Amino acid sequence: GAPQPGLKLIFEPESAKGQRAMAMTGADGGYTLGRQGLGNNKGAVTGRYTVRVYADPEDENAPRIPQRYGRESTVVFQVEPGRSNTFDIVIEIP
């Protein structure tokens, strides 16, 4: 499928010590994660994350993202130290 701009991505840490990271997809479908708080807030800290994807509910042209990518997501990525940690998220929309 084609890259989709304007999607909200949330990386939820599986560890209680983890920190949530979020991003919005750009025109090319790319994204850069950021975290709340002080200091260097780019990227995600090391750990395992469940990834949730949401479209803007007020945008009538936004794709309808199946719940298996939202609240019921089974998409999991492992962020490892010293690696580029680039993750492509492929969403199958019926």
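Please read these numbers as outputs of a predicted model, since none were measured by experiment.

## Some remarks on the pattern of salt bridges
Move 1: One pass over the full model with this rule turns up three salt bridges.
Move 2: One salt bridge in this structure joins glutamate 14 and arginine 48, with 3.0 Å as the shortest N-O distance. With glutamate 14 in the loop between strand E1 (8-13) and strand E2 (21-24) and arginine 48 in strand E3 (residues 47-54), this residue pair connects regions lying 34 residues apart in the sequence.
Move 3: You can call arginine 48 partly exposed: its relative accessible area is 44%.
Move 4: In this structure, glutamate 80 engages arginine 83 in a salt bridge whose closest nitrogen and oxygen atoms are separated by 3.2 Å.

## A look at the side chain of arginine 52
Move 1: Secondary-structure assignment places arginine 52 in strand E3.
Move 2: Buried charge arginine 52 goes without a salt bridge, the closest partner of opposite sign being glutamate 12 at 4.9 Å.
Move 3: A polar side-chain atom of arginine 52 sits 3.3 Å from the main-chain carbonyl oxygen of glycine 70.
Move 4: Sequence-distant contacts of arginine 52, defined by excluding residues within four places in its chain, comprise Lys8, Leu9, Ile10, Glu12, Tyr69, Gly70, Arg71 and Ser73.

## Side note on the pairing of E1
Regular strands show a simple pattern: their side chains alternate between the two faces of the sheet.
Move 1: As judged from the four bridges shared by E1 and E2, these two strands associate in the antiparallel manner. Looking across to E2, one finds that leucine 9 is bridged to alanine 23.
Move 2: Pairing analysis gives six bridges linking E1 to E3, with the strands arranged antiparallel. Bridge assignment links glutamate 12 to a residue of E3, and that residue is threonine 50.

## Points about the layout of surface pockets
Move 1: By volume, the largest pocket is sized at about 680 Å³.
Move 2: The wall of the largest pocket is formed by 29 residues, among which Gly29, Tyr31, Phe87, Asp88 and Ile89 lie closest to the centre.
Move 3: Residues of the lining of the largest pocket, tallied by class, amount to 16 nonpolar, ten polar and three charged.
Move 4: As a volume, the second largest pocket reaches approximately 170 Å³.
Move 5: What lines the second largest pocket is Val53, Tyr54, Ala55, Asp56, Pro57, Pro63, Arg64, Ile65, Pro66, Gln67 and Gly70.

## Structural notes on the sheet that holds E3
What holds strands together in a sheet is hydrogen bonding between their backbones, with the strands either parallel or antiparallel.
Move 1: Taken in spatial order, the four strands line up as E2-E1-E3-E4 in an open sheet, and their pairing is antiparallel. Looking at strand neighbours, the two that pair on one side only are E2 and strand E4 (76-79), the edges of this open sheet. Each strand of the sheet is rotated relative to its neighbour by a mean of 30°, with strand direction disregarded.
Move 2: In the sheet, E3 pairs with E4 via four bridges, with the strands oriented antiparallel. Along E4, the bridge assignment pairs arginine 48 with glutamine 78.

Analysis parameters
- Note that residues are indexed from 1 along each chain, following the sequence as it is written.
- Side-chain atom pairs in this predicted model are given and counted only at pLDDT of 80 or more, local residue features only at pLDDT of at least 70, and totals for whole chains, interfaces and linings cover all residues.
- Each side-chain value is derived from all of the structure's non-hydrogen atoms; neither hydrogens nor water enter the calculation.
- The term salt bridge refers to a pairing of a side-chain nitrogen on Lys or Arg with a carboxyl oxygen on Asp or Glu at a separation within 4 Å.
- Counting from the N terminus, the helices are DSSP H or I runs at least four residues long and the strands are E runs at least two residues long.
- A simple rule labels every residue: compare its accessible area, found with a 1.4 Å probe on the protein chains alone, to the largest value its type can have, and call it buried under 20%, exposed over 50%, or partly exposed in between.
- Only four residue types enter the charge count: Lys and Arg as positive, Asp and Glu as negative, with His and the chain ends excluded.
- Polar contact is the term for a pair of N or O atoms within 3.5 Å; when the atoms are in protein, one must be able to donate a hydrogen and the other to accept it, and sequence-neighboring residues count only if both atoms are side-chain atoms.
- The contact criterion used is simple: two residues touch if any of their non-hydrogen atoms lie within 4.5 Å.
- For two strands to count as paired, DSSP must find a minimum of two bridges between them.
- Cavity and pocket criteria rest on a 1 Å grid covering protein atoms alone: a 1.4 Å probe that fits but cannot get out defines a cavity, protein on both sides within 12 Å along at least 5 of 7 lines defines an open pocket, and an atom within 4 Å of a point defines a lining residue.
- Grid points are joined across faces, edges and corners, and a volume is the space filled by probe spheres set on the points.
- Three classes are used, and their members are as follows: Ala, Val, Leu, Ile, Met, Phe, Trp, Tyr, Cys and Pro are nonpolar, Asp, Glu, Lys and Arg are charged, and the others, Gly among them, are polar.
- Here the axes come from fitting lines to C-alpha atoms, over the contacting stretch only for helices, and the angles between their N-to-C directions go from 0 to 180 degrees.

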